[in-house]
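One letter stands for each residue in the lines below.
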Number of protein chains: 2
Amino acid sequence: MLTAHIIKTIQSLDKKKYRQKYNLFLVEGNKIIKELPNSDYEIENLYSIDPENITFKMHEIEKILPNDLKKISFLQHPKDSVAVCKIPENKYLENVSIQLILDGIQDPGNLGTIIRLADWFGIEQIICSNDTVDVYNPKVIQATMGSFLRVNVFYTNLEEYLKEYKHPIFGTDMNGENIYETNFPEQFSLVFGNEGNGLRPSTEDLISTIITIPRFGNSQSTESLNVSMSAGIILGEIFSKK
Amino acid sequence: MLTAHIIKTIQSLDKKKYRQKYNLFLVEGNKIIKELPNSDYEIENLYSIDPENITFKMHEIEKILPNDLKKISFLQHPKDSVAVCKIPENKYLENVSIQLILDGIQDPGNLGTIIRLADWFGIEQIICSNDTVDVYNPKVIQATMGSFLRVNVFYTNLEEYLKEYKHPIFGTDMNGENIYETNFPEQFSLVFGNEGNGLRPSTEDLISTIITIPRFGNSQSTESLNVSMSAGIILGEIFSKK
């Protein structure tokens, strides 16, 4: 039963501190929830205003009122159902051919969009610095549109990780090599820096090649592209050569 | 002087109806405001909490209090200054080599991001169907990061426009020709459809070639890319051949 205590616990999952304390996060909407049984994620509780509409057999479903759904949803316009899921352990996939590395990305929308992009291009893993926004942040999960189910996100000490990494490391910044003239090998990592500050010097030191999307417009006033847009354009270019 | 009446008028500029009534829109932040004198835009009023900090000579500046700035700003975190600008006439640039066409884009963030992209790639014009979100919507202006100053946005009856247009028209959708195998001519238009519904049938009928970004991931559950991300990847590919 959805007691006041449970509602309060679910509401607290907005914050990383409480997600870690309870080891839980939320997945909202039947469309994504129905993919959970085919993934590594485990459902702890499943609440729905319309359980009859969930035709797939999975976890026991608790029927709740729209008013209660509003209380436990992090969406402005709550959907049909909310699944409380267990946070799996932080695991690393060995030997991924192309992987993305995020060095201090802060905006949940950017991380979510980059996970969605990775999924589109079949990239299996994203390595994040420990200070990158948490993948289980509800805004990140929402922005992935379900792609978090198919892309492994691993948090680590980036400097130590990069020192041990055996393949070429490309980093994106202004004033690097033109992406259209870059030859990408079979196996490599592609690093994106923080939205405001770019790559950390300690990260940049470990990068083999800095690459840049050339600007075709003439105005020096033009702002550099947003990090997720840059990721999309660069991945588009890498995969054009596949 | 910033009277209660003027505050109310400025606040109403959040709505297209009132922007059209007064023929005014807002530009926020010194960084973008200082580019206005080099553009076609005319400032009607300029308010700042820190006029001494505006070193560039332009319009007379009215000093206001932070509390008043909060009232007239559309930003969650208001910047230093607000310029009330005249909406210029809806003008068309003839003979642009590559232009984008938007068929019913609704999300202000998407339009703003696409204008910013166009600016990056030096695309001078975007043609919008009359039902596309208004470029002078404060959220659009903000998302362009100043790029609205350098890209002409023209609203028109799209069906009539496309019937008269003399160059190839590419449209983006699922199940089209692979963008990596498409030859783009010197002069053409590239059409993007509405976020939810894609291209209107009446628009699709007038398109020469439908193109698609191939999906490299294997999952059929992967959502199609957001329209502004698609625009970025396709423009990246078109300009890789320049």
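Keep in mind the model is a prediction, meaning the values are calculated, not measured.

> What should I look at first to understand the domain arrangement of chain A in this one?
How large an interface is tends to be reported as the accessible area lost when its parts come together. All names here are of chain A. Domain boundaries assigned for chain A yield domain 1 (4-86) and domain 2 (98-240). At the interface, 16 residues of domain 1 touch twelve residues of domain 2. Looking only at domain 1, the three residues that lose the most surface to domain 2 are R19, I32 and Y41, adding up to 39% of its buried area. Applying the counting rule to domain 1 against domain 2 returns two salt bridges. A salt bridge links R150 to E35; the shortest N-O distance between them is 2.7 Å. It is strand β1 (residues 24-28) that contributes the most residues to the side of domain 1 that touches domain 2, four residues altogether.

> How should unusual backbone geometry be read in this particular structure?
A positive phi angle, near 50 degrees, is found at M145(A), a position not held by glycine. As for its position among the elements, M145(A) is in the loop between α6 (138-143) and β7 (152-156). The class for M145(A) is partly exposed, based on a relative accessible area of 32%. Non-glycine residue N175(B) carries a positive phi angle of around 60 degrees. With respect to the element layout, N175(B) can be found in strand β8 (residues 169-178).

> Where do I start with the relation of the copies chain A and chain B in this structure?
The operation relating the two chain copies consists of a rotation about an axis and a shift along that axis. For these two chains of identical sequence, chain A goes onto chain B by a turn of 180 degrees and a shift of 0.0 Å along the axis, with RMSD 0.0 Å. As the rotation angle and translation indicate, the two copies are arranged about a two-fold axis. Distance from the rotation axis, computed per C-alpha, reaches its smallest value in chain A at I233(A): 2.3 Å. Both copies contact each other with a shared surface, as 100% of the interface residues of chain A are interface residues in chain B too.

> Honestly, the interface of chain A and chain B in this entry has me stumped. Any pointers?
Contacts between chain A and chain B engage 34 residues on the former and 34 residues on the latter. In this assembly, chain A packs against chain B so that about 3,000 Å² is buried in total across both faces, 66% of it on carbon and sulfur atoms. Looking only at chain A, the three residues that lose the most surface to chain B are W120(A), E223(A) and M229(A), adding up to 27% of its buried area. K31(A) serves as the salt-bridge partner of E223(B), at 2.3 Å between the closest nitrogen and oxygen. At eight residues, helix α9 (residues 227-240) of chain A tops the list of elements feeding residues into the side of chain A that touches chain B. When grouped by side-chain class, the residues that make up the side of chain A that touches chain B number 13 nonpolar, twelve polar and nine charged.

> Looking at this model, I keep getting lost on the layout of surface pockets. Mind explaining?
Taking a probe equal in size to a water molecule and rolling it over the atoms shows the remaining empty space. All names here are of chain A. Estimates place the volume of the second largest pocket at around 730 Å³. Along its surface, the second largest pocket is lined by 29 residues, and Y41, P88, Y136, N152 and V153 are the ones closest to its centre. Counting residues per element, the ones that place at least two in the lining of the second largest pocket are α2 (16-22) and β7. Summarising the domain contributions, the lining of the second largest pocket has at least three residues from each of domain 1 (4-86) and domain 2 (98-240).

> Hey, could you run me through the UniProt feature "domain: tRNA/rRNA methyltransferase SpoU type" (unreviewed entry) in chain A in this one?
UniProt records the feature "domain: tRNA/rRNA methyltransferase SpoU type" (unreviewed entry) at residues 98-235 of chain A, using the numbering of this structure. As annotated, residues 98-235 of chain A has a helix share of 28% and a strand share of 26%, and its two end C-alpha atoms lie 10 Å apart.

> How do you make sense of the sheet that holds strand β4 (residues 81-86) of chain B when you look at a structure like this?
The pairing of strands in a sheet happens through backbone hydrogen bonds and is either parallel or antiparallel. Residues and elements named next belong to chain B. Strand order across the open sheet formed by four strands is β1-β4-β2-β3, with mixed pairing between neighbours. Edge positions in the sheet fall to β1 (24-28) and β3 (62-63), since each of these pairs with one other strand and no more. Across five bridges, the pairing between β1 and β4 is antiparallel. By the bridge assignment, V27 is partnered in β4 with A83.

> So what exactly am I meant to see when it comes to the sheet that holds strand β8 (residues 169-178) of chain A here?
Residues and elements named next belong to chain A. Pairing within the open sheet is parallel, and its six strands lie in the order β7-β6-β5-β9-β8-β10. One side of each edge strand has no neighbouring strand; the edge strands of this open sheet are β7 and β10 (209-212). Shown here is a sheet whose adjacent strand axes are inclined to one another by a mean of 35 degrees, direction ignored. In terms of strand pairing, strand β6 (residues 125-129) meets β7 through five bridges, oriented parallel. In the strand pairing of β7, I126 is matched with V153. Strands in contact with helix α5 (residues 108-120) are β5 (98-103), β6 and β7; relative to β5, the strand with the most contacts, it is inclined by about 175 degrees.

Conventions adopted
- Residues numbered from 1 in each chain as written.
- Chains lettered and ligands numbered in written order.
- Predicted model: local features only at pLDDT ≥ 70, side-chain atom pairs only at ≥ 80, totals over all residues.
- Heavy atoms only, no water.
- Domains from an automatic or database assignment.
- Contact = heavy atoms within 4.5 Å.
- Buried area = accessible area lost by both parts, 1.4 Å probe.
- Salt bridge = Lys/Arg side-chain N within 4 Å of Asp/Glu carboxyl O.
- Helix = DSSP H or I, 4+ residues; strand = E, 2+ residues; numbered from the N terminus.
- Buried < 20%, exposed > 50% of the residue type's maximum accessible area, 1.4 Å probe, protein only.
- Least-squares fit on C-alpha atoms with pLDDT ≥ 70 in both.
- Nonpolar A, V, L, I, M, F, W, Y, C, P; charged D, E, K, R; others polar.
- 1 Å grid on protein atoms, 1.4 Å probe; cavity = no way out; pocket = protein on both sides within 12 Å on 5 of 7 lines; lining within 4 Å.
- Points joined across faces, edges and corners; volume = space filled by probe spheres on them.
- UniProt positions renumbered as here; feature names shortened; annotations may be inferred.
- Pairing = 2+ DSSP bridges.
- Axes fitted to C-alpha atoms, helices over the stretch in contact; angles between N-to-C directions.

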